[in-house]
Amino acid sequence: MILLLISPTAKLPEASLTMYQLHIANKNYSSWSLRPWVLMTALDIPFTEQLTPFSAGAVQNAFKAFSPTAKVPCLVDDNQVVWDSLAIIEYLAERHRGVWPEASTART
Ligand SMILES: N[C@@H](CCC(=O)N[C@@H](CS)C(=O)NCC(=O)O)C(=O)O
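Residues numbered from 1 in each chain as written. Predicted model: local features only at pLDDT ≥ 70, side-chain atom pairs only at ≥ 80, totals over all residues.

J.: Is there a simple way to think about the overall build of the protein in this case?
T.: Secondary structure assignment for the protein yields two helices and four strands. Of the regular secondary structure in the protein, the N- to C-terminal order runs β-α-β-β-β-α. For the protein, with 108 residues in total, the buried portion stands at 21%. Pairs at least 24 apart in sequence give 64% of the contacts found in the protein among residues at least 6 apart. (Helix = DSSP H or I, 4+ residues; strand = E, 2+ residues; numbered from the N terminus. Buried ≥ 20, exposed ≤ 12 C-beta atoms within 10 Å, placed from the backbone. Contact = placed C-beta atoms within 7 Å.)

Written out as structure tokens, the structure is:
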């Protein structure tokens, strides 16, 4: 009998070799930022946190430096920029185990 042990957080073959950068805003205000932040932290997916605080004003000009939509969260993976929280989670799910449950019934 062959026993195959796979860590739930093991990287899939297409996982990044570079360190992800996750751009977020204030954790106490930006629940959107916390979506990928909590996921990556819980699954031990290594990333560098880049926190840019909200400033006064309707448009967050500081976010334009890294996010095409001037919104957070925004994930940078080498040359790839993913700028929506659910899109980030889907992106990570293609590269890391454990993002979504294996059982389809657990995903309904
Ligand atoms: N649908 C987007 C929403 C992102 C979003 O609205 N983020 C807010 C912070 S929680 C933001 O960046 N607001 C800045 C602004 O609207 O200028 C996502 O899921 O990532």
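J.: How should I be thinking about the nonpolar core in this particular structure?
T.: The tendency in soluble globular proteins is for nonpolar side chains to be buried as a group. With 15 residues, the main nonpolar core has Leu22, Ile24, Val72 and Leu75 as its most contacted residues. Sorting the residues of this core by element identifies strand 1 (20-24), helix 1 (31-42), strand 3 (74-77) and helix 2 (85-93) as the ones contributing at least two each. Excluding residues within four positions of it along the chain, Ile24 makes contact with Ser30, Ser33, Trp37, Glu49, Leu51, Val72 and Pro73. (Core = buried A, V, L, I, M, F, W, Y, C linked by C-beta atoms within 7 Å.)

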